[in-house]
Amino acid sequence: MSTAGAAVRIIGAGPTGALLAILLQRRGHVVELYESRADPRTAAAESGRSINLALADRGIHALQIAGVFRDLEAAMLPMRGRLIHHQEGGTSLQPYGQRANELIFSISRHQLNRTLIEVAARQPGVTIHFEHRLEAADFEAATALIRDLRQERLISVPMRPLLAADGAGSRMRRGLIARHLIDADETDLDHGYKELSIPPDAAGHHAMAADALHIWPRGEHMLIALPNADGTFTATLFMPKRGRLSFESLNTGAAIEAFIAQSFPDVRALMPDCVAELQDHPVGSLGTVTAAPWHHRGMTALIGDAAHAIVPFHGQGMNCCFEDCAAFDAGMGRHTSWEDLFAEFGAQRKPDTDAIAAMALDNYLEMRERVAHPKFQLQQALSLELERRFPQRFIPRYSMVMFHHEIPYRVALERGAIQAQLLAELTAGAVSRIEDVDFDRAAREIRATLAPLS
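Quick notes on the rules
Residues numbered from 1 in each chain as written. Predicted model: local features only at pLDDT ≥ 70, side-chain atom pairs only at ≥ 80, totals over all residues. Heavy atoms only, no water. Pairing = 2+ DSSP bridges. Helix = DSSP H or I, 4+ residues; strand = E, 2+ residues; numbered from the N terminus. Axes fitted to C-alpha atoms, helices over the stretch in contact; angles between N-to-C directions. Core = buried A, V, L, I, M, F, W, Y, C linked by side-chain atoms within 4.5 Å. Buried < 20%, exposed > 50% of the residue type's maximum accessible area, 1.4 Å probe, protein only. Contact = heavy atoms within 4.5 Å. Parallel < 35°, antiparallel > 145°, perpendicular 65-115°, else oblique. Left-handed = near helix turned anticlockwise from the far one by under 90°. Nonpolar A, V, L, I, M, F, W, Y, C, P; charged D, E, K, R; others polar. Phe/Tyr/Trp six-rings, centres within 6.5 Å; stacked < 30°, edge-to-face > 60°. Lys NZ or Arg CZ within 6 Å of the ring centre and 35° of its normal.

**Section: the sheet that holds strand S11 (residues 153–158)**
Strands in a sheet are paired, the pairing made by backbone hydrogen bonds, and the direction either parallel or antiparallel.
For step 1, the next point in the chain: A sheet is described by the order of its strands in space; here three strands give the open sequence S9-S10-S11, paired in antiparallel fashion. A strand with exactly one partner marks an edge of an open sheet, and here the two such strands are strand S9 (132–138) and S11. Strand-to-strand twist of the sheet, defined as the mean angle between neighbouring strand axes without regard to direction, takes the value 30 degrees.
For step 2, the next point in the chain: One ladder, built from six bridges, connects S9 with strand S10 (residues 143–148); its direction is antiparallel. By the bridge assignment, Asp138 is partnered in S10 with Thr143.

Here you go:
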């Protein structure tokens, strides 16, 4: 079957599904988009269940391809680095990069999704059905059953093709697993999260620096805060679900007060509702999803979190999903059958999504623990200096991931491992200042182990 101009169904109208619909429409397709939740243009944002999103180069690149980046620019707040709040008091800024454009942008998940829905809904040939949930898929008949939750009726739709952008808990993925058509693994982290709020100050301004991601690293737990355009911050507490110090142990107001006073004394006065929020908000789950293959014949393909959900600690979940959309769009220009397109898309993207899943888990240890260590700070400063001296060969792994969409995730992982070993060797022993580093040795090692990046 030719892909040109065909009708396409998408399950899930979150950011991934909405962006995919826009790209498909630009390719000349008629798009039917089904979403189980209410229309975000009229419904309030969910409270306590979502992590504020960080938009970086990969996501921005995909939005630019779709022609929707300018619709979102006003809602984006630039962050130039991590502002570390130390246990003993005081703060220190760790810049994300060293160039003016090496910024990460905070954006409300609700605002992002609502804007993409608004853009998609304006396109001729795109129809969005809210409160419509995938119930089942018949892979022999190539049809799917969609339940209209408002009228309690079932609708049968063809699956040639039906694209599943229905998130980490994807019903389509689980349907494919149940029929033994794909293999998948869902690994939950033993840590969870709760969302807290930091309101504006008395003048209506941000109560802390608004151009940074704030982090309170405390070893087995951490608090982060991202700025919002309305003067608030979205704060998120990550910690074990169970154990001596965990969400389970924070079971009274007194226990919560004591914990906040011990771990985050400098921010307690800025979070007047934190005790109630920690008592009332559910514990959010964190986990990694892998699957293979991502498709079944030319009927259906998984995309975004439905295929490869990751933990949020590298700020790449949404960016990775948007990069999926850009890769899928590029593939449409090369293939005349859905089956060939699906096969290439999965083969191309899976090595990269496996790589970012691994880096996201590693970044959790970095954020909650390593960022506060002097040796880490020395290696970070050295990493930026080596980039200045050898810009074609040495780019910090974090920068490759966040600021270089042209470098695949798998390449960032591979080169990052080589660079981490080099940084450890150059800062071993008595080296405690960047001036003590043997840069002649660094030059030899970099030229020997890191080929120039094209």
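**A word on the nonpolar core**
For step 1, the next point in the chain: Counting 69 residues, the largest nonpolar core has Leu24, Leu302 and Phe328 as the members making the most contacts within it.
For step 2, the next point in the chain: Once residues within four sequence positions are removed from consideration, Leu302 is found in contact with Ala164, Ser170, Met172, Arg173, Leu176, Ile182, Ala291, Trp294, Ala307 and Phe345.
For step 3, the next point in the chain: Cys320, Ile395, Val401 and Met402 belong to the second largest nonpolar core, which has 38 residues in total.

**Quick notes on the packing of helix H2 (residues 57–66) against helix H9 (residues 317–332)**
For step 1, the next point in the chain: Relative orientation of the contacting elements H2 and H9 amounts to 40 degrees, with a least axis distance of 8 Å. Of the possible angle classes, the one that applies to H2 and H9 is oblique. Judged by the twist between their axes, the crossing of H2 over H9 is left-handed. Across from Arg58, Gly59, Ala62, Leu63 and Ile65 in H2, the residues of H9 making contact are Asn319, Phe322, Glu323, Ala326 and Asp329.
For step 2, the next point in the chain: For the contact of H2 with H9, the class distribution of residues is five nonpolar, two polar and three charged.

**A few points about the packing of aromatic side chains**
For step 1, the next point in the chain: All chains considered together, the criterion is met by 10 aromatic pairs.
For step 2, the next point in the chain: Aromatic side chains Phe238 and Phe313 sit 4.9 Å apart centroid to centroid with 70 degrees between the ring planes, which places their arrangement in the edge-to-face category. Of this pair, Phe238 sits in strand S17 (residues 233–240) while Phe313 sits in the loop between helix H8 (305–308) and H9, placing them 75 residues apart in sequence.
For step 3, the next point in the chain: When the centroid spacing of 5.4 Å and the interplanar angle of 85 degrees are considered together, the rings of Phe328 and Phe345 count as edge-to-face. A residue pair is termed long-range when its members are at least 10 positions apart, and Phe328 in helix H9 and Phe345 in helix H10 (residues 338–368) qualify at 17 residues. Comparing Phe328 with Phe345 shows no difference in burial state: the two are buried.
For step 4, the next point in the chain: In this structure an aromatic cluster arises from ring pairing among Trp294, Phe328, Trp338, Phe342 and Phe345.
For step 5, the next point in the chain: A cation over a ring is seen here: Arg58 above Tyr409, with NZ or CZ 4.2 Å from the ring centre.
For step 6, the next point in the chain: Above the face of the Tyr398 ring, Arg82 is positioned so that its terminal group lies 5.2 Å from the ring centre.

**Thoughts on unusual backbone geometry**
For step 1, the next point in the chain: Cis geometry marks the peptide bond from Arg160 to Pro161, where omega comes out at 0 degrees.
For step 2, the next point in the chain: Inspection of the secondary structure puts Pro161 in the loop between S11 and strand S12 (162–164).
For step 3, the next point in the chain: Residues Ala292 and Pro293 are joined by a peptide bond in cis, for which omega reads -10 degrees.
For step 4, the next point in the chain: As for its placement among the helices and strands, Pro293 is situated in the loop between strand S18 (287–292) and strand S19 (295–296).
For step 5, the next point in the chain: If you check the backbone angles, Glu131 has positive phi at about 55 degrees while not being a glycine.
For step 6, the next point in the chain: Relative to the elements of secondary structure, Glu131 occurs in the loop between strand S8 (126–130) and S9.
For step 7, the next point in the chain: Residue Glu131 is classed as partly exposed on the basis of its relative accessible area, which comes to 27%.
For step 8, the next point in the chain: Even without being glycine, Glu152 reaches a positive phi, approximately 50 degrees.
For step 9, the next point in the chain: The residue Glu152 is located in the loop between S10 and S11 in this model.
For step 10, the next point in the chain: Overall, Glu152 belongs to the exposed group, its relative accessible area being 51%.

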